Amino acid sequence: MDPDRDKLLEDDLKKNWIPHLQTQFKRGRPILFTGAGFSAGALNTTGEPIPGVASLRKQLWGLAFPGEEHDESASLQDLYEKCVLHHSEGLSQLLFKLYTVDENSLPAWYSEILRFPWQRFYTLNIDDLPSAVSRKFTLPRKIVPISAVDPQRSPGNVEFYSDLECVHLNGSLQDVPNHVTFSVTQYAERLAQHDPWYLQLSADLLTSPFIFIGTQLDEPPLWQH
């Protein structure tokens with residue numbers, strides 16, 4: 001840690017970036033983009049934290065290779081693909097258990113973030129956190145979950161423009177296990193298809209300010225587009 005560098009960054013944030021974002025929010029232009037880290041403050045319906053990549057990999061290993069010692073080198077994508085092929089029903093049950101959020105566990109800061117006048121909300125997560133926030137807190141706008149893998153839900157196809165679109169880029173819980181984007185094969189299929197939501201995301205990245213929370217931005221479709 002460099003205290004002088006941190007002080008310069010903090011000063012720059014206060015003097016430049018926060019005033020800029022205040023102006024942008026008055027115009028309703030910023031876009032929220034979240035990854036697994038955004039869900040770290042929530043618990044699922046079993047009382048456990050919403051799992052990140054490392055935790056999910058262990059869970060999938062237990063499903064794919066019950067009783068065998070966990071291999072740390074096994075990739076999440078390979079494990080997911082094996083579970084889809086050989087343990088599809090068990091995989092669906094596991095993912096619903098792990099990623100259904102207990103709204104009573106949610107701290108108030110989730111409400112504070114989703115109260116901002118976002119232009120749009122993208123997430124890499126399949127959990128139902130945005131809907132859980134809506135269930136617990138009274139928000140100024142209705143959050144409309146959209147699965148980017150649903151061919152019936154294209155950009156611009158929203159009932160009310162006052163609603164906040166929450167686009168699940170990798171699919172949602174309703175798409176498990178075969179239609180979410182997790183495995184190598186699923187990523188390959190996604191990259192080979194026309195993908196209107198990733199095209200919309202690419203356009204948004206060029207024209208609107210983004211705030212990223214809890215993601216390293218390492219999704220292959222994102223970088224292709």
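It should be noted that the structure appears before, not after, this text.
Model, not experiment: these values are computed from the prediction. (Residues numbered from 1 in each chain as written. Predicted model: local features only at pLDDT ≥ 70, side-chain atom pairs only at ≥ 80, totals over all residues. Heavy atoms only, no water.)

**Focus on the overall build of the protein**
Here is step 1 of the chain: What the protein contains, in helices and strands, is nine helices and five strands.
Here is step 2 of the chain: Listing each helix as α and each strand as β along the protein from the N terminus yields α-β-α-α-α-α-β-α-β-β-α-α-β-α.
Here is step 3 of the chain: Relative to its length of 225 residues, the protein is compact, with a C-alpha radius of gyration of 19 Å against a globular reference of 17 Å.
Here is step 4 of the chain: Principal axes of the C-alpha set define a box for the protein whose edges measure 55 × 45 × 35 Å.
Here is step 5 of the chain: Within the protein, the fraction of its 225 residues that count as buried is 41%.
Here is step 6 of the chain: Summed over its atoms, the accessible surface of the protein is roughly 12200 Å², and 54% of this surface lies on carbon and sulfur atoms.
Here is step 7 of the chain: Of the side chains in the protein, 19 bear a positive and 29 a negative charge, and the two mean positions are spaced by 9 Å. (Helix = DSSP H or I, 4+ residues; strand = E, 2+ residues; numbered from the N terminus. Rg over C-alpha atoms; globule rule 2.2 N^0.38 Å. Buried < 20%, exposed > 50% of the residue type's maximum accessible area, 1.4 Å probe, protein only. Areas by Shrake-Rupley, 256 points an atom, 1.4 Å probe, with all protein chains shown as cover. Lys, Arg positive; Asp, Glu negative; His and termini not counted. Charge placed at Lys NZ, Arg CZ, Asp CG, Glu CD.)

**A look at the sheet that holds strand 2 (residues 120-123)**
Here is step 1 of the chain: The sheet built from five strands is open, its strands ordered 3-4-2-1-5 with parallel pairing. This sheet does not close on itself; its edge strands, each paired only once, are strand 3 (143-147) and strand 5 (210-213). Sheet twist, expressed as the average angle between the axes of neighbouring strands with direction ignored, equals 20°.
Here is step 2 of the chain: Examined bridge by bridge, strand 1 (residues 31-34) and strand 2 share four bridges and lie parallel to one another. Bridging from a neighbouring strand, Ile31 pairs with Arg120 of strand 2.
Here is step 3 of the chain: Each of strand 1, strand 2, strand 3, strand 4 (164-168) and strand 5 is contacted by helix 8 (residues 196-207), which is oriented at about 120° to strand 2, the strand it contacts most. (Pairing = 2+ DSSP bridges. Axes fitted to C-alpha atoms, helices over the stretch in contact; angles between N-to-C directions. Contact = heavy atoms within 4.5 Å.)

**So, the layout of surface pockets**
Here is step 1 of the chain: Estimates place the volume of the second largest pocket at around 270 Å³.
Here is step 2 of the chain: Along the wall of the second largest pocket there are 16 residues; nearest its centre are Val149, His179, Thr181, Arg190 and Gln193.
Here is step 3 of the chain: When residues in the lining of the second largest pocket are grouped by element, the largest group, three residues, is from helix 7 (residues 184-192).
Here is step 4 of the chain: Here the lining of the second largest pocket is composed, by residue class, of five nonpolar, six polar and five charged. (1 Å grid on protein atoms, 1.4 Å probe; cavity = no way out; pocket = protein on both sides within 12 Å on 5 of 7 lines; lining within 4 Å. Points joined across faces, edges and corners; volume = space filled by probe spheres on them. Nonpolar A, V, L, I, M, F, W, Y, C, P; charged D, E, K, R; others polar.)

**Here we look at unusual backbone geometry**
Here is step 1 of the chain: Here Val176 and Pro177 are connected by a cis peptide whose omega angle stands at 0°.
Here is step 2 of the chain: Looking at the element boundaries, Pro177 is found in the loop between strand 4 and helix 7.

**What to know about a nonpolar patch on the surface**
Here is step 1 of the chain: Taken together, the side chains of Leu13, Trp17 and Ile18 make up a nonpolar region of the molecular surface, amounting to roughly 300 Å² of accessible area.
Here is step 2 of the chain: In this structure, Ile18 sits in helix 1 (residues 3-26). (Patch = residues over 30% accessible without salt bridge, like charges linked within 9 Å, V, L, I, M, F, W, Y side chains within 5 Å. Salt bridge = Lys/Arg side-chain N within 4 Å of Asp/Glu carboxyl O.)

**Some remarks on the pattern of salt bridges**
Between side chains of opposite charge, pairing is possible as soon as their charged atoms come close.
Here is step 1 of the chain: Overall, the coordinates contain six salt bridges when judged by the stated rule.
Here is step 2 of the chain: The salt bridge involving Asp11 is made with Lys7; its shortest N-O contact spans 3.0 Å. In this pair, Asp11 and Lys7 are both assigned in helix 1, four residues apart and thus about one turn of the helix distant.
Here is step 3 of the chain: Residue Asp11 is classed as partly exposed on the basis of its relative accessible area, which comes to 23%.
Here is step 4 of the chain: Residue Lys7 is classed as partly exposed on the basis of its relative accessible area, which comes to 45%.
Here is step 5 of the chain: Of the charged contacts in the structure, one is a salt bridge between Glu103 and Arg135, with a shortest N-O distance of 3.3 Å. Of the two residues, Glu103 sits in the loop between helix 4 (88-99) and helix 5 (108-114) while Arg135 sits in helix 6 (residues 129-136), which places them 32 residues apart along the sequence.
Here is step 6 of the chain: With relative accessibility at 44%, the residue Arg135 sits in the partly exposed group.

**As for the side chain of Ser147**
Here is step 1 of the chain: Following the sequence through the fold, Ser147 ends up in strand 3.
Here is step 2 of the chain: Classification of Ser147 as buried rests on a relative accessible area of 10%.
Here is step 3 of the chain: If we skip the residues at most four places from it in the chain, Ser147 touches Arg153, His168, Gly171, Ser172 and Asp175.

**So, the packing of aromatic side chains**
Here is step 1 of the chain: Taken as a whole and judged by the stated rule, the model has twelve aromatic pairs.
Here is step 2 of the chain: Ring geometry for Phe33 against Tyr122: centres 6.3 Å apart, planes inclined by 40°, an arrangement best described as tilted. With a gap of 89 residues between them, Phe33 in strand 1 and Tyr122 in strand 2 connect regions that are remote in the sequence.
Here is step 3 of the chain: The exposure class assigned to Phe33 is buried, which follows from its relative accessible area of 1%. (Phe/Tyr/Trp six-rings, centres within 6.5 Å; stacked < 30°, edge-to-face > 60°.)

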